[in-house]
Amino acid sequence: RIKVAALWCNCDYLVYMEDDTFLRRPLLEKPEHDAGGLPHPDFHWVKGIQEKFGAGNWSYTSHGMCGGSYIRTEAFLDAYSRINWTRIDEMKSIDELIGRHSDITLAMLMMDSGYILRPWKEVARKYHRGSMEAKLLHAEKKYYDKPLNKFDGAVISDRLEH
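(A) Quick look at the environment of M17. Tracing the backbone shows M17 in the loop between β1 (13-16) and β2 (21-23). Judged by relative accessible area, M17 falls into the partly exposed class, the value being 42%. Between the C-alpha atom of M17 and that of C66, which follows or precedes it by 49 residues, the distance is 7.9 Å.

(B) Expanded view of the packing of aromatic side chains. Inspection of every chain in the model, using the stated rule, returns 3 aromatic pairs. Judged by centre distance (4.7 Å) and plane angle (75°), the rings of Y70 and W120 are edge-to-face. Of this pair, Y70 sits in strand β4 (residues 69-72) while W120 sits in the loop between β5 (117-119) and β6 (123-125), and the two are 50 residues apart along the sequence. Geometrically, the ring pair formed by F76 and Y80 is tilted, given 5.7 Å between the ring centres and 40° between the ring planes. Here F76 and its partner Y80 are both found in helix α3 (residues 73-81), 4 residues apart, which amounts to about one turn of the helix. An aromatic cluster is defined as three or more aromatic residues linked by ring pairs; in this entry it consists of Y13, Y70 and W120.

(C) Fine view of the pairing of β4. Pairing of β1 with β4 involves 4 bridges; the strand directions are antiparallel. Bridge pairing in β4 links Y13 to R72. Direction of pairing for strand β3 (residues 35-37) relative to β4: antiparallel, over a ladder of 2 bridges. Across the sheet, residue A35 finds its bridge partner in β4, namely I71.

(D) Spatial organisation of the side chain of T73. Summarising the element assignment, T73 is placed in helix α3. What makes T73 buried here is its relative accessible area of 6%. If we ignore the near neighbours within four places in the chain, the residues touching T73 are A6, C11, D12, Y13 and L14.

(E) Summary view of α3. Within the sequence span of α3, burial applies to T73, A75, F76 and A79. Each buried residue of α3 lies within a common arc of 160° when the element is viewed along its axis, so the set occupies one face. For α3, the exposed residues set more than 90 degrees away from the buried face come down to E74 and S81. Against the buried residues of α3 lie α1 (2-9), β1, β4 and α5 (102-112).

(F) Highlighting the packing of α3 against α5. One can describe the packing of α3 onto α5 by two numbers: an axis separation of 9 Å at closest approach and a directional angle of 85°. For the element pair α3 / α5, the angle class is roughly perpendicular. The segment α3 lies against α5, with A75, F76, A79 and Y80 engaging L106, L109 and M110. Considered class by class, the residues forming the contact of α3 with α5 number 7 nonpolar, no polar and no charged.

(G) Structural context of the packing of α1 against α3. Packing of α1 against α3 brings their axes to within 10 Å, and their N-to-C directions diverge by 135°. The orientation of α1 relative to α3 falls into the category oblique. For α1 against α3, the interelement crossing comes out left-handed. Every residue of α3 that contacts α1 at I2, K3, A6 and L7 is listed here: T73, F76, L77 and Y80. Considering only residue class, the contact of α1 with α3 consists of 6 nonpolar, 1 polar and 1 charged.

Calculation rules
Residues numbered from 1 in each chain as written. Predicted model: local features only at pLDDT ≥ 70, side-chain atom pairs only at ≥ 80, totals over all residues. Heavy atoms only, no water. Helix = DSSP H or I, 4+ residues; strand = E, 2+ residues; numbered from the N terminus. Buried < 20%, exposed > 50% of the residue type's maximum accessible area, 1.4 Å probe, protein only. Phe/Tyr/Trp six-rings, centres within 6.5 Å; stacked < 30°, edge-to-face > 60°. Pairing = 2+ DSSP bridges. Contact = heavy atoms within 4.5 Å. Arc of directions from axis to C-beta. Axes fitted to C-alpha atoms, helices over the stretch in contact; angles between N-to-C directions. Parallel < 35°, antiparallel > 145°, perpendicular 65-115°, else oblique. Nonpolar A, V, L, I, M, F, W, Y, C, P; charged D, E, K, R; others polar. Left-handed = near helix turned anticlockwise from the far one by under 90°.

As structure tokens, this is what we get:
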């Protein structure tokens, strides 16, 4: 889906939205890196991943590419075109979350391709420090699997027809 969006939108950056991500104010600052996301204090890469695959590329210590993250489309398309499934399987044998969760897999794909990921101050997790200033809020799982409201449904339907 991200590849389709990157090709279809023809834009410099995509913001990865999830069911529980809210845009509270316009985004005014252009992203500085290839990708950026939420500093997630609860998850960190398994040390074996960093040791085996090179700490230099694994520049982002948090999984953090969840809702509200941004990704530079050109970097993503390049990383996607170079996927090495054998290498991914090897990583999955060390960290079982790779391949199971999109935010973790996306961060892994970008870093393993040599791209720079950093925390993005425009996104915060609800109730964490900085959440009131953040323009994008990754909130609660209670919104997952809920139907879109009438407005959002119309916006998406219109986009998909073109």
